[in-house]
Amino acid sequence: MAYHLSVFLENNPGKLQRITKILSDNNINLRAMSLASSGEFGVMKLLVDNPEKTFEVLKQNKLTVTKRQITAVVVDNIPGSFNLLLNKLSQNDINIEDCYGFLLSDGKTAAIILEIENHPNAEQLLSGLGFNVLTAEKIYKY
Amino acid sequence: MFWQKDIELMDREEIRNVQLDFINKEIKIAKKSEFYKNKLSNIDKISSLDDVKKLPFTTKDDLRNSFPYGFLATDLKNVIRLHSSSGTTGNPTVVFHTAFDISNWANLSARCMYTAGARNNDIFQNTMGYGLFTGGIGFHYGAEKLGMLTIPVGPGNSKRQVWFMQNFKTSVIHILPSYALRLFQTVEEMKIDVKKDLNLRIAFIGAEPHSEEMRKKIEELYNIKAFNSYGLSEISGPGVAFECQCQSGLHIWEDYVYPEIVDRNTLEVLPDGQEGELVLTTLQREAMPLIRYRTRDLTKIITEPCACGRTHRRIARITARTDDMIIINGVNIFPIQIEKTIMSIPEAGRNYVIEIFENNFMDKLCIKLEIDNDNFGGTLQDLEKLQNKLENELKQEIGVTPIIKFVDAGSLPVSEGKVKRVFDLRNKNK
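This one's a predicted model, so the numbers in the text were calculated from it and none came from an experiment. (Residues numbered from 1 in each chain as written. Chains lettered and ligands numbered in written order. Predicted model: local features only at pLDDT ≥ 70, side-chain atom pairs only at ≥ 80, totals over all residues. Heavy atoms only, no water.)

Novice: What is the right way to look at the overall build of chain B in this model?
Specialist: Along chain B, the regular secondary structure elements total 11 helices and 21 strands. Relative to the 2.2 N^0.38 estimate, which gives 22 Å for 430 residues, the radius of gyration of chain B is 22 Å and therefore close to what a compact globule would have. The proportion of buried residues among the 430 residues of chain B is 57%. Taking the contacts inside chain B whose residues are at least 6 apart along the sequence as the reference set, 66% of them involve residues at least 24 apart. Element-wise, carbon and sulfur atoms account for 49% of the exposed surface of chain B, whose accessible area totals about 18400 Å². When the 56 positive and 57 negative side-chain charges of chain B are each reduced to one mean point, those points stand 2 Å apart. (Helix = DSSP H or I, 4+ residues; strand = E, 2+ residues; numbered from the N terminus. Rg over C-alpha atoms; globule rule 2.2 N^0.38 Å. Buried < 20%, exposed > 50% of the residue type's maximum accessible area, 1.4 Å probe, protein only. Contact = heavy atoms within 4.5 Å. Areas by Shrake-Rupley, 256 points an atom, 1.4 Å probe, with all protein chains shown as cover. Lys, Arg positive; Asp, Glu negative; His and termini not counted. Charge placed at Lys NZ, Arg CZ, Asp CG, Glu CD.)

Novice: Explanation requested: the packing of aromatic side chains in the structure shown.
Specialist: All names here are of chain B. Under the defined criterion, the tally for this structure stands at 16 aromatic pairs over all chains. For the pair Phe 35 and Tyr 36, a centre-to-centre distance of 5.0 Å together with 80 degrees between the ring planes defines the contact as edge-to-face. Classification of Phe 35 as buried rests on a relative accessible area of 13%. With relative accessibility at 1%, the residue Tyr 36 sits in the buried group. Centroid distance Tyr 69 to Phe 96: 5.4 Å. Interplanar angle 20 degrees. Geometry classified as stacked. On the criterion of sequence distance, the pair formed by Tyr 69 in the loop between helix 4 (60-65) and strand 1 (79-84) and Phe 96 in strand 2 (residues 94-98) is long-range, its members being 27 residues apart. On the basis of relative accessibility, which here comes to 45%, the residue Tyr 69 falls in the partly exposed class. Given a relative accessible area of 3%, Phe 96 falls into the buried group. (Phe/Tyr/Trp six-rings, centres within 6.5 Å; stacked < 30°, edge-to-face > 60°.)

Novice: How do you make sense of helix 1 (residues 15-25) of chain A when you look at a structure like this?
Specialist: All names here are of chain A. If you check which residues of helix 1 are buried, you get Ile 19, Ile 22 and Leu 23. Buried residues in helix 1, looked at end-on, bunch into an arc of 100 degrees, giving them a common side. The exposed residues of helix 1 that point more than 90 degrees off its buried face are Ser 24 and Asp 25. In the core, the buried residues of helix 1 are packed alongside strand 1 (2-10), strand 2 (30-37), strand 3 (41-48) and helix 2 (51-60). Of the residues one or two after helix 1, Asn 27 is the one with positive phi, at around 55 degrees. (Arc of directions from axis to C-beta.)

Novice: Which parts of the structure should I look at to understand the side chain of His 210 of chain B?
Specialist: All names here are of chain B. Tracing the sequence through the fold places His 210 in the loop between strand 6 (202-206) and helix 9 (212-222). The class for His 210 is buried, based on a relative accessible area of 3%. Those residues within four positions of His 210 in sequence are excluded, and the remaining contacts are Pro 177, Ile 205, Asn 228, Arg 317, Ile 336 and Glu 339.

Novice: Even after reading the chapter, I still don't get the sheet that holds strand 13 (residues 301-302) of chain B, so can you show me in this structure?
Specialist: Consider a sheet: its strands pair through backbone hydrogen bonds, and that pairing is either parallel or antiparallel. Residues and elements named next belong to chain B. Strand order in the open sheet formed by nine strands is 4-3-5-6-7-8-9-14-13, and the pairing between neighbours is mixed. Strands with a single pairing partner mark the edges of an open sheet, and in this sheet they are strand 4 (149-151) and strand 13. Helix 5 (residues 99-116) contacts strand 3 (123-126), strand 6, strand 7 (225-232) and strand 8 (237-243) of the sheet and is inclined by roughly 30 degrees relative to strand 8. (Pairing = 2+ DSSP bridges. Axes fitted to C-alpha atoms, helices over the stretch in contact; angles between N-to-C directions.)

Novice: Explanation requested: the environment of Met 10 of chain B in the structure shown.
Specialist: Residues and elements named next belong to chain B. Considering the arrangement of structural elements, one finds Met 10 in the loop between helix 1 (5-8) and helix 2 (12-30). When its relative accessible area of 14% is taken as the criterion, Met 10 is described as buried. The spacing of Met 10 and Arg 310 is 300 residues in sequence and 8.0 Å in space, taken between C-alpha atoms. If we ignore the near neighbours within four places in the chain, the residues touching Met 10 are Ile 15, Val 18 and Thr 311.

Novice: I tried to follow the interface of chain B and chain A on my own but got confused; where do I start?
Specialist: When the parts come together, some accessible area is lost, and that loss is often what is quoted as the size of the interface. Listed per partner, the contact involves 19 residues of chain B and 24 residues of chain A. For the pair chain B and chain A, the two sides together bury roughly 1600 Å², of which 52% comes from carbon and sulfur. Interface area lost by chain B to chain A is led by Phe 376, Leu 380 and Asp 408 of chain B, which between them contribute 34%. Taken together, chain B and chain A are joined by four salt bridges. Taking the shortest distance from any N to any O, the salt bridge between Asp 408 of chain B and Lys 15 of chain A comes out at 3.1 Å. The interface formed by chain B and chain A contains eight residue pairs in polar contact (both at pLDDT 80 or more). Of all elements in the fold, only helix 11 (380-398) and strand 20 (403-408) of chain B reach the threshold of two or more residues within the side of chain B that touches chain A. Top contributing element to the side of chain B that touches chain A by residue count: helix 11 of chain B, with five residues. For the side of chain B that touches chain A, the per-class residue count stands at seven nonpolar, seven polar and five charged. (Buried area = accessible area lost by both parts, 1.4 Å probe. Salt bridge = Lys/Arg side-chain N within 4 Å of Asp/Glu carboxyl O. Polar contact = N/O pair within 3.5 Å; in protein donor to acceptor, adjacent residues only side chain to side chain. Nonpolar A, V, L, I, M, F, W, Y, C, P; charged D, E, K, R; others polar.)

Novice: It is not clear to me how the nonpolar core should be interpreted in this structure. Could you clarify?
Specialist: In globular proteins that are soluble, nonpolar side chains generally tend to be buried together. Counting residues in hydrophobic clusters, the biggest one holds 63 residues, and the most contacted among them are Ile 23, Met 113, Phe 204, Tyr 230 and Ile 315 of chain B. Core analysis: the second largest hydrophobic core is formed by 27 residues, Phe 8 of chain A together with Leu 365, Ile 367 and Leu 383 of chain B among them. (Core = buried A, V, L, I, M, F, W, Y, C linked by side-chain atoms within 4.5 Å.)

Novice: Would you explain the state of the cysteines in this entry?
Specialist: By definition, a disulfide links the sulfur atoms of two cysteine residues through a covalent bond. Residue and element names in this part refer to chain B. Inspection of the entire model under this criterion finds zero disulfides over all chains. The closest cysteine sulfur to the non-disulfide-bonded Cys 246 is located on Cys 244, 3.9 Å from its own sulfur. Overall, Cys 246 belongs to the partly exposed group, its relative accessible area being 35%. (Disulfide = S-S within 2.5 Å.)

Structure below.
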């Protein structure tokens, strides 16, 4: 099981930097992130190299944080590949709660991070369909 | 079952006889004070309890205006203690006690705690403030009188509170309801299992008006019974009325005070069962009797006999203190309505403040609520859903649409004593 961290934050100057400073001070590498805002407050998703440690240090610093399970799929860096993935997900009635992606270092592939709602077997299903689903270890260190 | 069976089960007629007797004694003592010498100049005694309504009221302003010694009704050599309000908004209200007053008050506090189920083999942790505030010292004396092992920790330092609770197996705690909720965060942080690691069974909660929903939340969190305590420093302090094990209204000790409920506007005495302002006449005070003191607390008298057998009538949970009323664009709101609504939504946080400000000549009500690890699911949708739910349910309860703001855990001010939740930022000089 792989996780990213979801952090509550007020939409005010300095709030985001408070988080990045904690990561920096604790030598935590931020691999990818997404930010959703509802005007006055928002939620930040953090994909880091060491989620356990990050969870603890954020909590120690009195931040409101929770772990959320993710599925990471590698797709080719070509037109239509993300569409193909989404097509398979919708065909199988899998709903996405949240999603973001980042290019991998080879430049030819990208990792798509998915928060999948109420579908415990999604990973198996995606593997079965021929998708390259990353293990937790790979997601954090790839 | 009973601390003072003969008093607690006294029949109604006898109670009324005792009360008439006591009121006449109190009038006599009161007239030795500067304030009542004038106020009661043409009254020496009353011939029946029906005549109480002919006596003049006493208000908090009277106490302030007679600062410092205007209400003292005995020689200074008999006075052994004073308690006082903080006096942030003018002269403080000062209350004097003789040795008899203190011992009587201790007995009353003991009676309250015994009524709720505390016994002399209990271990009692007092987290209320000691000092001029009556909450801590009042129950301290009562707990010792009852014979409990009393731990006078005082307020604050949550880790130490939990440490004492765990190591000495505290079974009874006296705590502000707002602090009980906050303390639980420390219990969780210290990874304490309330069922395995603690021995808590009873909490006395008071000194702040609180809702039934808040009591239930405290009972759930700690797996205990929480009993509502009512008192006010002008009368002595905690111990004036208390819940028995039926937890359905608070027995007001009618050998200690004579209660009336009056209409807030006309000040006419209301029949039992109708809600109005509680007015109390002390029955046994020596240093400082108070005649028909207007408490500013809103409640009603419950006349039906209580299943516990005590004959002293009950008052309903205090619904509000008139001083606390907020008027927003002409609508009257009591903070406890807001608390009740927030507490009834399990996914809402426990720490909040109410801010009132003006925008474009309109009053705005803003509720800031902390999002902490207990109520954060991790998605924006959940937060938005909670925001809408709070907005709708509060609108239904108070008739005003509030602005709901979510803020970081720990960002709202924390106070050691009674919690300050309402911040009125309107310009009052206009």
